[in-house]
Amino acid sequence: MQGKHLTQKERFYIEKRRGEGVNQATIARELALPRSTISRELRRNTDPTFNGVYCCRRADTLVRERRHKPLPNNAFYPLEPHIQNFIRQALSTHSSPEIISGRLHLEFGISVSKNTLYRYILQERQAGGELYQQLPNRENVTGTMPKTSNQALFPTVLVLSIAQLKPSLNRSLATSKLTLFLAKTRSHSC
């Protein structure tokens, strides 16, 4: 049972049975849930403005609001101003949040997930900001990572980096591998 969320139907059942005056233990038994789950649901999701009466629709709203509220440790605002400026600068060059997240880790040793960056861009857009326009795929600013194809762009960068790091590498071999890789990616993208 650990980690299970109550469904709308279960919340409706709790509301109905509480209205009939049935106690928490009986409701828990009927739903095959621990008593603590029912107790916690009633304690956390009964709106005080409803005078102690549990409402399943209001409970669902409260749960959704709580779920979308970022945790204090994961919020964007505690970052130092120079980090925020770095992120804005990287976005201005149309770098994706995935790339920015990796660069923050490499250059500053801090971890900011790509989802946190997407969430920040979404919040900034809802506040009237224009950071979202700097995204490579600006149509998809939903607060989650955009869907991408299975084709990864990193191997191209990797091949070029190896050729740049080892100048003694046979250039014709590197060129043929790069040509082969690009041919494969073009055939997959069609």
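Quick summary incoming for the structure in this document.

### Remarks on the overall build of the protein
Turning to step 1, where the next piece is worked out: A tally of helices and strands in the protein yields nine helices and zero strands.
Turning to step 2, where the next piece is worked out: Ordered by position from N to C terminus, the α and β elements of the protein give α-α-α-α-α-α-α-α-α.
Turning to step 3, where the next piece is worked out: Long-range contacts, defined as pairs at least 24 residues apart, comprise 43% of the intrachain contacts of the protein with a sequence gap of at least 6.
Turning to step 4, where the next piece is worked out: Total accessible area on the protein is roughly 13400 Å²; 55% of this is exposed by carbon and sulfur atoms.

### Points about the pattern of salt bridges
Turning to step 1, where the next piece is worked out: On inspection of all chains with the given rule, the structure shows six salt bridges.
Turning to step 2, where the next piece is worked out: In this structure, glutamate 41 and arginine 11 form a salt bridge, with 2.8 Å as the shortest nitrogen-oxygen distance. Taken as a pair, glutamate 41 in helix α3 (residues 35-45) and arginine 11 in helix α1 (residues 8-19) lie far apart in primary sequence, 30 residues in all. Grouping residues by exposure puts glutamate 41 and arginine 11 together as buried.

### A short note on helix α7 (residues 114-126)
Turning to step 1, where the next piece is worked out: Over its 13 residues, α7 runs 18 Å from end to end, which matches the ideal 18 Å to within 8%, given 1.5 Å per residue.
Turning to step 2, where the next piece is worked out: The complete set of buried residues in α7 reads Thr116, Leu117, Tyr118, Tyr120, Ile121, Leu122 and Glu124.
Turning to step 3, where the next piece is worked out: The inward-facing, buried residues of α7 abut α5 (81-92) and α6 (97-108).
Turning to step 4, where the next piece is worked out: Following α7 by one or two positions, glycine 128 has its phi on the positive side, about 100 degrees.

### Brief notes about the packing of α1 against helix α4 (residues 56-68)
Turning to step 1, where the next piece is worked out: At a closest axis distance of 8 Å, the pairing of α1 and α4 adopts a crossing angle of 135 degrees. Taken as axis vectors, α1 and α4 run oblique relative to one another. In terms of crossing hand, the pair formed by α1 and α4 is right-handed. Facing α1, whose interface residues are Gln8, Arg11, Phe12 and Glu15, α4 presents Cys56, Arg57, Ala59, Asp60 and Val63.
Turning to step 2, where the next piece is worked out: When its residues are assigned to classes, the contact of α1 with α4 shows four nonpolar, one polar and four charged.

### As for α6
At 3.6 residues per turn, the α-helix brings residues three or four places apart onto the same side.
Turning to step 1, where the next piece is worked out: Taking 1.5 Å as the rise per residue, α6 with 12 residues should run 16 Å; its terminal C-alpha atoms sit 16 Å apart, in good agreement.
Turning to step 2, where the next piece is worked out: Buried residues of α6: Pro97, Ile100, Ser101 and Leu104, and no others. The buried residues of α6 occupy an angular sector of 105 degrees when projected down its axis, which confines them to one face.
Turning to step 3, where the next piece is worked out: In this fold, the buried residues of α6 make contact with α5 and α7.
Turning to step 4, where the next piece is worked out: Glycine 109 sits one or two positions beyond α6 and adopts a positive phi of about 70 degrees.

### Looking at the nonpolar core
Turning to step 1, where the next piece is worked out: Membership of the largest hydrophobic core comes to 15 residues, with the highest contact counts inside it found for Ile87, Leu91, Ile100, Leu104, Leu117, Ile121 and Leu135.
Turning to step 2, where the next piece is worked out: Looking at this core, the elements that each hand over two or more residues are α5, α6 and α7.
Turning to step 3, where the next piece is worked out: At five residues, the largest contribution of residues to this core is made by α5.
Turning to step 4, where the next piece is worked out: Among residues more than four places away in sequence, those in contact with isoleucine 100 are Ile87, Ala90, Leu91, Ser95 and Leu117.

The rules behind these values
- Residues numbered from 1 in each chain as written.
- Predicted model: local features only at pLDDT ≥ 70, side-chain atom pairs only at ≥ 80, totals over all residues.
- Heavy atoms only, no water.
- Helix = DSSP H or I, 4+ residues; strand = E, 2+ residues; numbered from the N terminus.
- Contact = heavy atoms within 4.5 Å.
- Areas by Shrake-Rupley, 256 points an atom, 1.4 Å probe, with all protein chains shown as cover.
- Salt bridge = Lys/Arg side-chain N within 4 Å of Asp/Glu carboxyl O.
- Buried < 20%, exposed > 50% of the residue type's maximum accessible area, 1.4 Å probe, protein only.
- Expected span 1.5 Å × (residues − 1).
- Axes fitted to C-alpha atoms, helices over the stretch in contact; angles between N-to-C directions.
- Parallel < 35°, antiparallel > 145°, perpendicular 65-115°, else oblique.
- Left-handed = near helix turned anticlockwise from the far one by under 90°.
- Nonpolar A, V, L, I, M, F, W, Y, C, P; charged D, E, K, R; others polar.
- Arc of directions from axis to C-beta.
- Core = buried A, V, L, I, M, F, W, Y, C linked by side-chain atoms within 4.5 Å.

Purely geometric stuff here, so don't read any function into it on its own.
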